[in-house]
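Structure at a glance
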Amino acid sequence: MAKLFRTAIMGPPGSGKGTISKRIAQNVGLQYLSSGHFLREGIAANTDAGVLVKGYVERSMLVPDHLMSRLMLPRLEQLTGHSWLLDGFPRTIAQAKALNDICQMDLVISLNIPFETLRERVSDRWIHPASGRVYNMGFNPPQVQGRDDVTGEPLIQHADDRPEALQARLRHYKDVAKPVMNLYKKSVLLSNAEAASKPLGSLSQGILYQFSGTDTDRIWPYISSLLSTKISTQPLDTCQPSAQA
Ligand SMILES: Nc1nc2c(ncn2[C@@H]2O[C@H](COP(=O)(O)OP(=O)(O)OP(=O)(O)O)[C@@H](O)[C@H]2O)c(=O)[nH]1
Ligand SMILES: Nc1ncnc2c1ncn2[C@H]1C[C@H](O)[C@@H](COP(=O)(O)OP(=O)(O)O)O1
């Protein structure tokens, strides 16, 4: 049985989840799954899932929990035997509970970034809509201004990244994320044996690590060091579907 590592990254819009996830994926051999990217791929390929979620994503609305879980959980079950990192899922307490029912995560990273920093970043954010590649005109500019590095196609700015829209998204994020963070924050001290004997879905978990700051480059070394510690002390794979509770 291999040592597997299951983690998720949380944070408000523009907090650097995508940027940090890319670094984690490069440093630790794990599968990176961004819910936003996954949904957009389905929409572009016109899959059944894509058709179902298109209306929500086009209006920047959250996809309903039952639908989101129905799409994401089978995708994660396909990754049995792999370590993974989730970005954008679970977003709500209902999604976190649904995920808990199939798998217990090892670590949840939460980014706590001041509003003013978020505002500056997103107003400078440009994306390549087809791939979801993200640029920032100061921090990681494209090689050619206004063009995607890989395809050369034009970059766009999201209407959602306007300051008024950002403020509303941030408020919404806080309301929705708080119970999710509480779920991962609560620490129940159990031995591995005790934990193994409980249905996974019933556990609250002390696995939330919060990082605050204004610069991804300053936060990153702490995350990198946490990951090294966690991965080297990780027990053999404990991620099992929960017993039917
Ligand atoms: N100036 C600056 N920009 C940064 C830093 N870290 C990330 N960025 C940029 O800030 C923007 C937001 O970063 P993302 O990684 O897209 O953030 P996210 O949390 O995935 O954002 P959402 O997709 O809205 O949830 C991007 O344009 C990044 O290139 C930083 O330390 N400084
Ligand atoms: N876990 C989740 N639950 C519900 N909706 C989600 C979701 N993850 C993404 N979405 C929806 C919300 C938006 O309509 C769209 C894009 O989400 P996003 O977080 O802005 O992605 P990205 O940051 O990759 O652009 O997908």
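Everything that follows concerns the structure shown earlier in this document.
Before going into details, it helps to say that this report is about the structure given with it. (Residues numbered from 1 in each chain as written. Chains lettered and ligands numbered in written order. Predicted model: local features only at pLDDT ≥ 70, side-chain atom pairs only at ≥ 80, totals over all residues. Heavy atoms only, no water.)

What to know about the site of ligand 2
The condition that has to hold: Nearness of a residue to a molecule or strand requires only that one of the residue's heavy atoms be within 4 Å of it. In the analysis that follows, any N or O atom pair within 3.5 Å is treated as a polar contact, provided that within protein one partner can donate a hydrogen and the other can accept it, and provided that, for residues neighboring in sequence, both atoms belong to side chains. Per-residue accessibility takes into account occlusion by the displayed protein chains alone, with areas from the Shrake-Rupley method and a 1.4 Å probe. Helix and strand assignments come from DSSP, with helices taken as H or I runs of at least 4 residues and strands as E runs of at least 2, each series counted from the N terminus. Lys, Arg, Asp and Glu make up the charged group, whereas Ala, Val, Leu, Ile, Met, Phe, Trp, Tyr, Cys and Pro make up the nonpolar group; the residues left over, Gly among them, are polar.
Taken together, the neighbourhood of ligand 2 is formed by 16 residues, with Ser-35, Met-61, Val-63, Gly-88 and Gln-95 sitting nearest. The side chain of Ser-35 places a nitrogen or oxygen atom 2.7 Å from a nitrogen atom of ligand 2. Gln-95 places a polar side-chain atom, nitrogen or oxygen, 2.9 Å from a nitrogen atom of ligand 2. Relative to its unbound accessible surface of 540 Å², ligand 2 loses 80% to contact with the protein. Sorting the residues of the shell around ligand 2 by element identifies α2 (35-44) and α3 (48-58) as the ones contributing at least two each. Here the shell around ligand 2 is built from residues that sort into 8 nonpolar, 6 polar and 2 charged.

With respect to the nonpolar core
How we decide: The nonpolar core is taken to be a set of buried Ala, Val, Leu, Ile, Met, Phe, Trp, Tyr and Cys residues, with the residues joined through side-chain atoms within 4.5 Å. Burial classes follow relative accessibility: with a 1.4 Å probe on protein chains only, a residue under 20% of its type's maximum area counts as buried, one over 50% as exposed, and anything between as partly exposed. What makes two residues a contact is simply this: any of their non-hydrogen atoms within 4.5 Å.
Core analysis: the largest hydrophobic core is formed by 33 residues, its most contacted members being Leu-76, Trp-84, Leu-86, Leu-99, Met-105 and Tyr-184. Only β1 (6-10), α2, α4 (65-77), β3 (84-87), α5 (93-102) and α7 (163-185) provide two or more residues apiece to this core. Apart from the residues within four sequence positions on either side, Met-105 is in contact with Arg-6, Thr-7, Ala-8, Trp-84, Pro-90, Leu-99, Tyr-184 and Ile-207. Within the second largest apolar cluster, 21 residues are counted, among which are Val-28, Leu-30, Leu-111 and Leu-227.

Side note on the site of ligand 1
Around ligand 1, 18 residues are found, and the nearest of them are Lys-17, Gly-18, Thr-19, Asn-140 and Thr-216. The separation between an oxygen atom of ligand 1 and a polar side-chain atom of Thr-19 is 2.6 Å. Coverage of ligand 1 by the protein amounts to 84% of the 650 Å² it exposes when considered alone. Breaking the shell around ligand 1 down by element, the ones donating at least two residues are α1 (17-27) and β6 (133-136). Residue composition of the shell around ligand 1, by class: 5 nonpolar, 8 polar and 5 charged.

So, α5
The set of residues buried in α5 consists of Gln-95, Ala-96, Ala-98, Leu-99, Asn-100 and Ile-102. Packing partners of the buried residues in α5 comprise α4, β3 and α7.

Structural notes on unusual backbone geometry
Omega for the bond connecting Phe-89 with Pro-90 falls within 30 degrees of zero, at 0 degrees, which places this linkage in the cis form. Tracing the backbone shows Pro-90 in the loop between β3 and α5. Unusually for a residue other than glycine, Asn-46 sits at a positive phi of about 55 degrees. Along the chain, Asn-46 turns up in the loop between α2 and α3. Among the residues examined, Asn-46 registers a relative accessible area of 57% and is labelled exposed. A positive phi angle, close to 55 degrees, is found at Ser-60, a residue other than glycine. Note on Ser-60: relative accessible area 43%, which makes it partly exposed.

Things to note about the pattern of salt bridges
The condition that has to hold: By salt bridge we mean one thing: a side-chain nitrogen of Lys or Arg within 4 Å of a carboxyl oxygen of Asp or Glu.
Overall, the coordinates contain 7 salt bridges when judged by the stated rule. Here Glu-58 makes a salt bridge to Lys-54, at a shortest N to O gap of 3.5 Å. With a gap of 4 residues between them, Glu-58 and Lys-54 both fall in helix α3, about one helical turn apart. Note on Glu-58: relative accessible area 57%, which makes it exposed. Using a relative accessible area of 37% as the deciding quantity, one classes Lys-54 as partly exposed. The shortest N-O distance in the salt bridge between Asp-215 and Arg-218 comes to 3.9 Å. A relative accessible area of 36% means that Asp-215 is categorised as partly exposed. One continuous salt-bridge network, built from bridges that share partners, spans Arg-125, Asp-161 and Arg-169.

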